[in-house]
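# Structure at a glance
Next come the chains, spelled out residue by residue.
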Amino acid sequence: MSCDSLIGVYDSGVGGLSVLRAIRDALPDESLLYVADSAHVPYGDKTQDFVLQRAYAMADYFVSRQAKAMVVACNTATAAAIAPLRARYPDLIIIGVEPAIKPAAHLTHSGVVGVFATTGTLASPKFATLVQREAPEVRIVLRPCPEWVALVEQGKLSGPEVDAAVRAPVEELRAAGADVLVLGCTHFPFLRDAIQASAGPGVPLLETGAPVARWLKHQLQQRRLLRSGAAGTADPGKTVPDQGGSDQGGSDKGGSDKDRSNQGGSDNDDSDQGTSDKGTLDKGTSDQSRSDRGDPATDHHPHAICQLETTGHAPAVAALADRLWAPGVAVAQTPARWR
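Residues numbered from 1 in each chain as written. Predicted model: local features only at pLDDT ≥ 70, side-chain atom pairs only at ≥ 80, totals over all residues. Heavy atoms only, no water.

### With respect to the overall build of the protein chain
To keep things clear, this is the line we draw: Here a strand is any run of E in DSSP of at least two residues, a helix any run of H or I of at least four, and the numbering for each starts at the N terminus. Only protein chains enter the area calculation, which uses a 1.4 Å probe; residues under 20% of their type maximum are buried, those over 50% are exposed, and those in between are partly exposed. Method for areas: the Shrake-Rupley scheme with a 1.4 Å probe, in which residue coverage is limited to the protein chains shown.
When helices and strands are tallied, the protein chain shows 11 helices and 11 strands. Per-residue burial for the protein chain yields a buried fraction of 60% across its 339 residues. As displayed, the protein chain has an accessible area near 12800 Å², and 52% of this comes from carbon and sulfur atoms.

And the structure:
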């Protein structure tokens, strides 16, 4: 692999496009390959072994494309597969996502934090460990929302049906005293406007895209794999503080102390040391941010590309990407071997 190698990103469907957007914004000179594993969406109701096997398939595919990094843009897949992935591919930068519990615990005034996620994420031992480690004195109220994933996969981001689907879960957690809400699935930022309207304008909604992008950039700098001309001039010898949402545990080989400098919401295995200055972490999925994005296939670097693929029905995913990513984006079929 080299600096010009691509970065692979995948999710069970189109939800990970919220993370992909943050990565492209932070690293506009990098070539990106996004795979929507739509043939197997949703992951939330699948067994852990099934999700792990899909993670292996995606990793094998990215390695076959000579990827220099892999982002697991799915909370369920991160919980089920991130440790086995890192053990199996020790030379590949592998970054996952997880609910931003640490910064939420710092932001709450009521002592109650609400978490929306899939059933698979909330039921995972990894999530239980995260809560125990990062918010032992905070009451965490949980609400699985698999129907929200279905709405996004159907391209329904607003309107009466979305408002009705969002209202009851949000009101339930708000009635339980939650004054901070964590969006623990990468699909959910696409429903941010509806969730915010139901929760109220002063309630922080914590996402994962921006922290993942920051940590990915840091890892590329550490291994001198950042593409020449990539945005930012951070000292590669310094650890970039993270404000929640990226799974960092083990992504820096050797498990050294610099792994422990992450500041909130990210999986650092036994770390996370702070919170976000602004409370809300990533607002890159509003209607405004979906507009005026330029060409979805090329970025600042003359050779940077952004490819979208799916293991499912390409025309259907292209129609969704047209709304969630950029108009007119092409979506190719992932080779059959990895479907």
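### A few points about the packing of aromatic side chains
So the rule is basically this: Only the six-membered ring of Trp is used, alongside the rings of Phe and Tyr, when aromatic pairs are assigned; centres must lie within 6.5 Å, and planes under 30 degrees apart are stacked while those over 60 apart are edge-to-face, with the rest tilted. Over a ring means this: the NZ of a Lys or the CZ of an Arg is within 6 Å of the ring centre and within 35 degrees of the ring normal.
Scanning all chains against the criterion turns up 4 aromatic pairs. For the pair Y61 and W338, a centre-to-centre distance of 4.9 Å together with 40 degrees between the ring planes defines the contact as tilted. With Y61 in helix 2 (residues 48-64) and W338 in the segment after strand 11 (331-333), the pair connects residues that are 277 residues apart, well separated along the chain. Ring geometry for W148 versus F188: centroids 5.0 Å apart, planes at 75 degrees, classification edge-to-face. Residue W148 is located in helix 7 (residues 146-153), and its partner F188 is located in the loop between strand 7 (180-183) and helix 9 (192-199); the two are separated by 40 residues in the primary sequence. Residue class for W148 comes out buried when judged on its relative accessible area of 0%. Judged by its relative accessible area of 0%, F188 falls in the buried class. Counting every residue linked through ring pairs, the aromatic cluster contains Y61, F62 and W338. If you follow R88 out to its NZ or CZ, it ends over the ring of Y56, 4.0 Å from the centre.

### Description of the side chain of T334
Formally: Here a polar contact means two N or O atoms within 3.5 Å. Within protein one must be a hydrogen donor candidate and the other an acceptor candidate, and residues neighboring in sequence count only if both atoms are side-chain atoms.
Topologically, T334 is positioned in the segment after strand 11. Overall, T334 belongs to the buried group, its relative accessible area being 0%. In terms of polar contacts, T334 uses its side chain to reach the side chain of E309, at 3.2 Å.

### Quick notes on the side chain of S31
With respect to the helices and strands, the residue S31 is situated in the loop between helix 1 (17-26) and strand 2 (32-36). For S31, the side chain forms a polar contact with the main-chain nitrogen of I305, separated by 3.3 Å.

### Focus on the packing of helix 2 against helix 3 (residues 75-88)
Short version of the rule: In this analysis an axis means a line fitted to C-alpha atoms, helices contributing only their contacting stretch, and an angle means the value between N-to-C directions, from 0 to 180 degrees. For classification, angles of less than 35 degrees are called roughly parallel, those exceeding 145 degrees roughly antiparallel, those between 65 and 115 degrees roughly perpendicular, and all remaining angles oblique. Less than a right angle of anticlockwise turn of the near helix away from the far helix marks a crossing as left-handed, whereas a clockwise turn marks it as right-handed. Any pair of residues with heavy atoms lying within 4.5 Å of one another is described as a contacting pair.
The contact between helix 2 and helix 3 brings their axes to 9 Å, and the two run at 55 degrees. What the angle tells us is that helix 2 and helix 3 run oblique. Between helix 2 and helix 3 lies a crossing of right-handed hand. For the pair helix 2 and helix 3, the contacting residues are Q48, V51, L52, A55, Y56, A59 and D60 in the first and T76, A77, A80, A81, P84, L85 and R88 in the second.

### Comments concerning the nonpolar core
When a protein is soluble and globular, its nonpolar side chains tend to lie buried together. Filter applied, for reference: Grouping buried Ala, Val, Leu, Ile, Met, Phe, Trp, Tyr and Cys residues that are joined through side-chain atoms within 4.5 Å yields what is termed a nonpolar core.
The biggest cluster of nonpolar side chains holds 62 residues, and the ones touching the most others in it are W148 and L308. In contact with W148, not counting residues within four places along its chain, are F116, A165, V166, P169, V170, F188, L191 and I195. Counting 26 residues, the second largest nonpolar core, distinct from the first, contains M70, C74, L85 and Y89.

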